[in-house]
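Observations on the three-dimensional arrangement
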Amino acid sequence: MAEHETGRDDFEESLLVLRCQVGSEQAFEQLFRRYNARLGYYLRRLLGEGGLAEDVLQNVWLTVFRKLSTLREPRAFRSWLYRIARNRAVGELRKQGRDLPLEDNVAEMAAPEEQEEIQLRDPESVHQALGRISAAHREVITLRYLNGLTYEEIARVIDYSPGTVRSRIHYAKRALRKQMEETD
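Reading guide: rules and limits
Residues numbered from 1 in each chain as written. Predicted model: local features only at pLDDT ≥ 70, side-chain atom pairs only at ≥ 80, totals over all residues. Heavy atoms only, no water. Helix = DSSP H or I, 4+ residues; strand = E, 2+ residues; numbered from the N terminus. Buried < 20%, exposed > 50% of the residue type's maximum accessible area, 1.4 Å probe, protein only. Contact = heavy atoms within 4.5 Å. Areas by Shrake-Rupley, 256 points an atom, 1.4 Å probe, with all protein chains shown as cover. Core = buried A, V, L, I, M, F, W, Y, C linked by side-chain atoms within 4.5 Å. Expected span 1.5 Å × (residues − 1). Phe/Tyr/Trp six-rings, centres within 6.5 Å; stacked < 30°, edge-to-face > 60°. Lys NZ or Arg CZ within 6 Å of the ring centre and 35° of its normal. Polar contact = N/O pair within 3.5 Å; in protein donor to acceptor, adjacent residues only side chain to side chain. Patch = residues over 30% accessible without salt bridge, like charges linked within 9 Å, V, L, I, M, F, W, Y side chains within 5 Å. Salt bridge = Lys/Arg side-chain N within 4 Å of Asp/Glu carboxyl O. pLDDT = per-residue confidence, 0-100.

1. Examining the overall build of the chain
Assigned secondary structure in the chain consists of nine helices and zero strands. Residues classed as buried in the chain amount to 43% of the 184 residues present. Within the chain, counting contacts between residues at least 6 apart in sequence, those at least 24 apart form 68% of the total. Summed over all atoms, the accessible surface of the chain reaches about 10200 Å², with 48% contributed by carbon and sulfur.

Structural data, given as structure tokens:
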């Protein structure tokens, strides 16, 4: 996407957020339509298929509806939204006695420069391979490539530095590539 198109999208989204903050239900519906499917996919990657992800998704939108007026920087909406979703997912996992496994040892490694992009042959093989990599890797791949978040936005969502995010994405792509090669 061209830089001016991204800037225009960001501007339009900021306007939608501002309109929501002054009570526009139509603007909220537009944000919902823009993010609901991608957010649902992200939650299913964290929580698995089934009702729990759908319940958390509904809870996230309820929280967004109630708390959007407190968001001080409309440009931060996307990372704020995913942070809420992640926090709700982690909370649900903890209620079940599970945790979202995070590989902190990756944070200690030097952040390599991002190399070639993932070669996507067919979406189904990618989704299957995503299910076979670690939750931490699956999360950053989903946020970056399926939801389009920047490194800085992902860093705000998962509460790591952008360098750690870059490193985690590098290793996640390697793990995903390996899983995809094993199924070829």
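2. Some points on the nonpolar core
In summary, soluble globular proteins display a tendency toward joint burial of nonpolar side chains. One finds L39, Y42, L43, L47, V64 and F77 to be the most contacted residues of the largest nonpolar core, which totals 49 residues. Elements supplying a minimum of two residues to this core: α1 (3–21), α2 (25–47), α3 (51–67), α4 (77–95), α6 (123–130), α7 (135–146), α8 (151–158) and α9 (162–183). It is α2 that provides the largest number of residues to this core, a total of 10 residues.

3. Notes on α9
Given a rise of 1.5 Å per residue, 22 residues ought to cover 32 Å, and the 31 Å separating the end C-alpha atoms of α9 matches this to within 8%. Along α9, the residues that are buried comprise T164, V165, S167, R168, I169, H170, A172, K173, L176, Q179 and M180.

4. Overview of the environment of R174
Structurally, R174 can be placed in helix α9. Given a relative accessible area of 46%, R174 falls into the partly exposed group. In sequence terms R174 and H137 are 37 residues apart; their C-alpha atoms lie 9.6 Å from each other.

5. Re unusual backbone geometry
Excluding glycine, most residues fall at negative phi; most peptide bonds, likewise, are trans. For D159, which is not a glycine, the phi torsion comes out positive at approximately 65°. In this fold, D159 is placed in the loop between α8 and α9.

6. So, the side chain of R78
With respect to the element layout, R78 can be found in helix α4. Discounting residues that sit within four places of it in the chain, R78 has contacts with E13, Y35, N147, G148, L149 and E153.

7. Considerations on the packing of aromatic side chains
Counted by the stated rule, this structure contains seven aromatic pairs. An aromatic cluster is defined as three or more aromatic residues linked by ring pairs; in this entry it consists of Y35, Y42, F77, W80 and Y82. The side chain of R144 reaches across the aromatic face of Y145, ending 5.9 Å from its centre. Lying across the ring of Y151, R166 places its NZ or CZ 4.1 Å from the centre.

8. A closer look at α7
The buried fraction of α7 amounts to nine of the 12 residues, a majority that puts the element mostly inside the structure. Two residues or fewer after α7 comes G148, characterised by a positive phi angle close to 75°.

9. A look at the side chain of T164
Structurally, T164 is set in helix α9. Polar side-chain contacts of T164 include one of 3.0 Å to the side chain of S161.

10. A short note on a nonpolar patch on the surface
The grouping of F11, L15 and L18 at the surface amounts to a nonpolar patch, some 280 Å² of accessible area in total. In this structure, L15 sits in helix α1.

11. Structural notes on the confidence of the model for the chain
When the pLDDT values of the chain are averaged, the result is 83; 83% of them are 70 or greater. Low confidence marks residues 102–116, where pLDDT is under 50. Its contacts with residues over four positions away, or in another chain, come to 35 contacts.

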